[in-house]
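# A closer look at the structure
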Amino acid sequence: MCDKVIISFIIYNILSFSILSQKEYSNNFNLEWGTLERSPGSLLEILPQKNNDFYSLRWSGGRAFGTYRIVDHQNLQQANQGRIKQVAQSGIANFETAYYIGDRIYVFLSDKVNGELVLYVQPYSKELIPDGSSIVIAKYNNDKINAKPNFGVISSKNKDYIGVVWEIPGRKTISDAYGYVILDQYLNTLQQGAYNIPLNGNLTTINEHHISNTGDYFLSLTEHKRPNDRIFSRDYDNFKALHVYKIKNDALSEFSLNIEDKRIDDIKMSSNDEGIFSLSGIYGSSEIKQNRRKHLVEGIFVIRIDTELDSMIFQGFIPFRKEFINMDFNEKSTLRSRRKRNRGQELYNYKIRDIFTLNDGSLVGSIEQYYIFERSSYDSRTGLTSTIYYYYYDDIIAFKIGNNKTFDWQKKINKSQISTNDGGPFSSYSSFTDGFKLYFIFNDNLKNYNEDGKFIRTNEQCYPFNLSRRKNVAAISTVDIESGNEVRNMLFSRRELKSIVVPKMFKLDTTQNRMLLYALIGGKERFGILKIK
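Since this is a predicted model, take the numbers as computed values, not measurements. (Residues numbered from 1 in each chain as written. Predicted model: local features only at pLDDT ≥ 70, side-chain atom pairs only at ≥ 80, totals over all residues. Heavy atoms only, no water.)

## Re the confidence of the model for the protein
- Put simply, the protein has an average pLDDT of 84, and 85% of its residues get 70 or more.
- Per-residue pLDDT stays below 50 along residues 4-19; that stretch engages in five contacts with residues further than four places along the chain or on separate chains.
- Confidence over residues 327-346 falls short of pLDDT 50; this stretch has 54 contacts with residues more than four positions distant or in other chains. (pLDDT = per-residue confidence, 0-100. Contact = heavy atoms within 4.5 Å.)

This is the structure in structure tokens:
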């Protein structure tokens, strides 16, 4: 009798997971999960291959000592893994990053050799072992004894181009100088050189280096009114101008931007295969008194540039509806209620998470409200101070910007995610679009849904997310791109998946219309694949 019960239980679990493993959702996407496996190390990045398989980049070990590893995943299961050897032509080297380009893995390593800082690239075979000797792709001089490499390696979204950027030290000018090299997927040099930023280096902050899908190199930077000496906080009064440059053959072509009396807080750069470069940002008033009082957010700033003609084809400020953005905390959690007396100083920050360009040229995207609260307490008996960090990841603000340079719709998706001293690894969300709908996946609380998995809470009253076995669920919010109407449902529960999804580690692979998913529980993990139709 006991054996029959055990067998029945095993069969039930196999059938339950089989149903969950491969499922079709509203004829818009298919979702399939692999089985739980022991994790070979902390996941750093998912590297999609040009088929259903993928690699993952790992760190195995503690904070000080350990190894980087590459794991080959086939059919959502671990097939092979190899240790990254931090050795280049000169000997022991520093690990920088790894990319999958041109149908193979490349590991980037740096070292100092005879006063030169050198960046190497080491090809790896399909068996995940070094294939041949490392190749020098960039270098610069720095005679200082303690000098360390400062290479930045970036790639285009389609992985057809690699860019390497570094700051050139020792030039006796007030402006900063940078070297760069642009490579194709076969590591052939397309262009290289150096340039000076035509502004005082003490009054500028680089926002982002960007390589487009056509191999063009763009740079955006913020110019400040006074030296930007705040490291851990943002000075909303210290904004003067935003600059965008296209770099080619050592020359900088600047696109003139009319910011008027606004400030730009957060910036995201993107490009597509048609040679259109886009820069989006959150803007607010640059008036000092208003910034010190509330540093209010007013809307979205968008520019679009035709890279073939080097001309701006779109620039505009698109304001949110009045009072659509609420900078103050709302009453959504017990923790916040306890801290009501401090809410006057607790103001949201806003982060652009995703911007998608649709076939008709319109844009859809989202912004997330977030906040980090620090509380310190002093123990007079021991003389020690302890600090607790609270991480809030709250509402999603979805939007569509039409070709008439206005919002077609704005939608606030209510969520509340709070954690302490962990950086919020299970918080935030991941989004994608099939051209007809905009989707958001995030961790939530079972109490926000009925027995049919439908969202039943009204705005501003949903329960904060929960990671326990009984209450944790993964939710999916679907926004119709034409109308802006939203439907929110439970995607699956932790009890069904036997693990917790980690949206921050999801990887959207637009070249193959899929998203690679990741879930974790204890020392085990599983991957999923969401195929967008």
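## Structural notes on the pairing of strand E18 (residues 204-211)
- Sheet topology note: the E18/strand E19 (residues 217-223) ladder contains seven bridges and is antiparallel. Residue pairing across strands places threonine 204 opposite glutamate 223, the latter belonging to E19.
- Between the antiparallel neighbours E18 and E19 lie five residues, among them glycine 215 with a positive phi of about 90°. (Pairing = 2+ DSSP bridges. Helix = DSSP H or I, 4+ residues; strand = E, 2+ residues; numbered from the N terminus.)

## Side note on the sheet that holds strand E34 (residues 486-493)
- Strands sit in the order E31-E32-E33-E34 across an open sheet of four strands; the sheet is antiparallel. In this open sheet, the two strands that pair with only one neighbour each are strand E31 (430-433) and E34. Here the average twist between neighbouring strands, direction ignored, is 25°.
- As judged from the seven bridges shared by strand E33 (residues 472-480) and E34, these two strands associate in the antiparallel manner. Looking at E34, one finds that threonine 478 is bridged to valine 487. (Axes fitted to C-alpha atoms, helices over the stretch in contact; angles between N-to-C directions.)

## Re the nonpolar core
- The biggest cluster of nonpolar side chains holds 22 residues, and the ones touching the most others in it are Ile300, Ile367 and Ile401.
- Listing elements by their share of this core, those giving two or more residues are strand E24 (297-306), strand E25 (311-319), strand E26 (349-357), strand E27 (363-379) and strand E28 (384-401).
- Per-element tally for this core: the top contributor is E28, with five residues.
- Once residues within four sequence positions are removed from consideration, isoleucine 367 is found in contact with Ile282, Ile300, Phe320, Tyr350, Lys351, Ile352, Asp395, Ile396, Ile397, Phe399 and Tyr429.
- Counting 21 residues, the second largest nonpolar core, distinct from the first, contains Ile137, Val153, Val164 and Trp166. (Core = buried A, V, L, I, M, F, W, Y, C linked by side-chain atoms within 4.5 Å. Buried < 20%, exposed > 50% of the residue type's maximum accessible area, 1.4 Å probe, protein only.)

## Re the sheet that holds strand E7 (residues 77-83)
- Strands sit in the order E4-E5-E6-E7 across an open sheet of four strands; the sheet is antiparallel. Only two strands of the sheet have a single partner each, and these edge strands are strand E4 (42-48) and E7. Each adjacent strand pair in this sheet contributes to an overall mean axis angle of 25°, direction not counted.
- Pairing of strand E5 (residues 54-61) with strand E6 (residues 66-74) involves eight bridges; the strand directions are antiparallel. Residue tyrosine 55 lies in a different strand from E6, and its bridge partner there is aspartate 72.

## Examining a positive patch on the surface
- A surface patch of positive charge is lined by Lys447, Arg469, Arg470, Arg495 and Lys498.
- Locating arginine 470 in the fold gives a position in the loop between strand E32 (437-445) and E33.
- Judged by relative accessible area, arginine 470 falls into the exposed class, the value being 56%. (Patch = residues over 30% accessible without salt bridge, like charges linked within 9 Å, V, L, I, M, F, W, Y side chains within 5 Å. Areas by Shrake-Rupley, 256 points an atom, 1.4 Å probe, with all protein chains shown as cover. Salt bridge = Lys/Arg side-chain N within 4 Å of Asp/Glu carboxyl O. Lys, Arg positive; Asp, Glu negative; His and termini not counted. Charge placed at Lys NZ, Arg CZ, Asp CG, Glu CD.)

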